Amino acid sequence: MHLLSLILTNRRFALRGGVEAQGEVDAFLSNKAFILQKDPAYMEACLYIYDHKDELTDEFDVALAESLHRDFAKEKNITPEMQHERSLVYNRAYVNWREAKSKKDFSIFSKSLGEVRDVQIREANLHENRKATPYDTIFDGYERELTSQDLDDTFNECKERLVPLLKKIMSSKKKIRTDFLSRPVSDESQKACAQYLLDTMGFDFNRGAFATTEHPFTIEMGKNDTRVTTHYYPDAFYSSMFSIIHEGGHALFEQNQPAENYSHYIEFNKTMGMHESTSRFYENRIGRSREFIALIYPKCCELFPNVFEGVSEQEFYESMNTVTPSLIRTEADEFTYTFHIIIRYEIEKMIVNGSGCDIASLPKLWNEKYSEYLGITPAHDAEGILQDIHWTSGFGYFPTYALGNMYNAMYYNKMASEFDLKAAVRSGDFATINGWMKKNVWARADREAPKTWIKNITGRDFTPKDFLDYLEAKYGEIYGL
Ligand SMILES: [Zn+2]
């Protein structure tokens, strides 16, 4: 599991009153682990195996040598004192962010955000394998070999095509029915639905389980133990449905890794963009497709009879694909989601690379960007710049969410060229879909960097084109453009 995911997961488990103390324990333990990692004999061995990787005949060994070297390059010039300070800064930032968010007041968090930035820049500058800018160095830690130039090109193309399309959608005469979405449902029927969806997707209950939490997530406890969580809202049956499909997608990735990944300790090499590509493939490309809605509609009518009273399959499909500019990223629809990421990327790149970036003025910049791209403005910081936890422990994470959509659009098209994917979804043939994913998408993820990985899957270089074509076609049809 990625370190940030682990921290986010730990924080989700922590009780409100225990957060600060738990953070101190986290800081203590990670410092002990760090000191072990800095052992001269260990570092020398990491370097030796990396320098001699061409002599290795097993490509899983090569992947291990490369991953050890990545950690080595990142931490080589960081002292245990700096590492300890980093932990304390992040923990303090988290505590201040929580207070700032609850009081809707960015000024409570701004000093901490500056400290996080300073730590990140210092460590980027000390990195043994520095890239063109501090942001590039930091981002390479998440999505290796991709650069801020790749992100600029990708997001500019998104803006060019999506901004005018959003305007057309917003002025469309099409009225999508959503009145039934808030009809009341019981936790029991939502739980039965979650079980049904995971079963349908091919989730292996022998090696996994699901439960409820405040914020849904997936955690891999070990080789044969992947757990997903969801949250039931009594007046939003679909929320748990799509979060369980999303987390189920993460879980399928974990449950279908080559056994060698474990014996070679490389099971956490896959990038967050790769992981999000899978979860969003199941959630959006499959889950929100016309065919999947047709597949699950009868079961939904059976489990939620009062919700679906007088609601057609087509109305259900359209309601799951409405485009509504909104302020909160985690509640955004498939179409507007990318704007939330672009805004965060533009701001965090400026925080890290911009000389003399004025932290205090960031809420104003945030609100201006929401107004420019989505035509809406937050009423306060809690629904604006303070909404996400991520910046309490650094930058560079957000773009991976958007890249996931672009990777999966590319491999969706490749898959659809090899068999009738829509028919497979319509008939619930997930054995065929998951079999293709296992062979083409999941098998090599821990041994390849994203650009090589997507090229090996699709035969093409990374591009946002497939994703943008898909959005234009799908929403053009729904909104009659
Ligand atoms: Zn996810």
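Scroll up a little and you will see the structure.
Since this is a predicted model, take the numbers as computed values, not measurements.

S.K.: Help me understand the pattern of salt bridges in this model?
M.R.: Proximity of charged atoms lets side chains of opposite charge pair with each other. Inspection of every chain in the model, using the stated rule, returns 38 salt bridges. Of the charged contacts in the structure, one is a salt bridge between glutamate 115 and lysine 111, with a shortest N-O distance of 3.5 Å. Pair noted here: glutamate 115 and lysine 111 are both in helix H6 (residues 107–126), with a separation of 4 residues, about one helical turn. Glutamate 283 is the salt-bridge partner of arginine 288, the closest N and O atoms lying 3.2 Å from each other.

S.K.: Is there a simple way to explain helix H22 (residues 465–478) in this structure?
M.R.: Because each turn of an α-helix spans 3.6 residues, side chains separated by three or four positions in sequence point in the same direction. Spanning 14 residues, H22 covers 20 Å between terminal C-alpha atoms, matching the ideal 20 Å at 1.5 Å per step. Every buried residue of H22 is accounted for by Asp466, Phe467, Leu468, Tyr470, Leu471, Lys474, Tyr475, Gly476 and Ile478. At its buried positions, H22 is contacted by helix H8 (148–170), helix H12 (272–286), helix H15 (313–319), helix H16 (337–353) and helix H18 (399–418). Positioned one or two residues after H22, glycine 480 has a phi angle of 60°, which is positive.

S.K.: I tried to follow the coordination of the zinc ion on my own but got confused; where do I start?
M.R.: Six octahedrally arranged donors around a metal ideally form angles of 90 or 180 degrees; four tetrahedrally arranged donors ideally form angles of 109.5 degrees. Coordination of the zinc ion by the protein involves His246 (NE2), His250 (NE2) and Glu276 (OE), with metal-donor separations of 2.1 Å. Along the chain, the residues donating to the zinc ion fall in the pattern H-x3-H-x25-E. Taken together, the residues span a long stretch of sequence, with histidine 246 in helix H10 (residues 237–255) and glutamate 276 in helix H12 at a distance of 30 residues. Here the two residues histidine 246 and glutamate 276 agree in accessibility, since each one is buried.

S.K.: Looking at this structure, how should I read helix H9 (residues 187–201)?
M.R.: Taking 1.5 Å of rise per residue, 15 residues should cover 21 Å, and H9 covers 21 Å from first to last C-alpha, within 8% of that figure. Listed in full, the buried residues belonging to H9 are Ser189, Gln190, Cys193, Ala194, Tyr196, Leu197, Leu198, Thr200 and Met201. Buried positions along H9 lie against strand E1 (208–212), strand E3 (225–230), H10, H12, helix H13 (290–303) and helix H20 (430–442). Trailing H9 by a residue or two, glycine 202 shows a phi angle of about 95°, which is positive.

S.K.: Looking at this structure, how should I read a nonpolar patch on the surface?
M.R.: Taken together, Val25, Phe28 and Leu29 make up a surface patch of nonpolar side chains, about 300 Å² in accessible area. Summarising the element assignment, phenylalanine 28 is placed in helix H2 (residues 19–37).

S.K.: Looking at this model, I keep getting lost on the nonpolar core. Mind explaining?
M.R.: Within soluble globular proteins, side chains that are nonpolar generally end up buried alongside one another. Grouped together as the largest cluster of nonpolar side chains are 125 residues, with contacts concentrated most on Met241, Tyr282, Phe316, Phe335, Tyr411 and Ile433. Take this core: its biggest share by element is 10 residues, from H18. Apart from residues no more than four positions distant in its own chain, tyrosine 282 is found in contact with Met201, Ile245, Gly249, Leu252, Gly287, Phe430, Ile433, Asn434, Met437 and Trp442. Core analysis: the next-biggest nonpolar cluster, separate from the first, contains 6 residues, Phe60, Ala63, Leu64 and Leu68 among them.

S.K.: Would you explain the sheet that holds E1 in this entry?
M.R.: Hydrogen bonds along the backbone pair up the strands of a sheet, which may run parallel or antiparallel. Strand order across the open sheet formed by 3 strands is E1-E3-E2, with mixed pairing between neighbours. The open sheet is flanked by E1 and strand E2 (218–222), the only strands paired with a single partner. Across this sheet, the average inter-strand angle for adjacent strands is 25°, counted without regard to direction. Looking at chain direction, E1 and E3 are connected through 5 bridges and run parallel. Within E3, the residue paired with glycine 208 across the bridge is threonine 226. Those strands touched by H10 are E1, E2 and E3, and its axis lies near 170° from that of E3.

What counts, and at which threshold
- Residues numbered from 1 in each chain as written.
- Predicted model: local features only at pLDDT ≥ 70, side-chain atom pairs only at ≥ 80, totals over all residues.
- Heavy atoms only, no water.
- Salt bridge = Lys/Arg side-chain N within 4 Å of Asp/Glu carboxyl O.
- Helix = DSSP H or I, 4+ residues; strand = E, 2+ residues; numbered from the N terminus.
- Expected span 1.5 Å × (residues − 1).
- Buried < 20%, exposed > 50% of the residue type's maximum accessible area, 1.4 Å probe, protein only.
- Contact = heavy atoms within 4.5 Å.
- Donors = N, O, S within 2.8 Å, 3.2 Å for Na, K, Ca; no water.
- Patch = residues over 30% accessible without salt bridge, like charges linked within 9 Å, V, L, I, M, F, W, Y side chains within 5 Å.
- Areas by Shrake-Rupley, 256 points an atom, 1.4 Å probe, with all protein chains shown as cover.
- Core = buried A, V, L, I, M, F, W, Y, C linked by side-chain atoms within 4.5 Å.
- Pairing = 2+ DSSP bridges.
- Axes fitted to C-alpha atoms, helices over the stretch in contact; angles between N-to-C directions.

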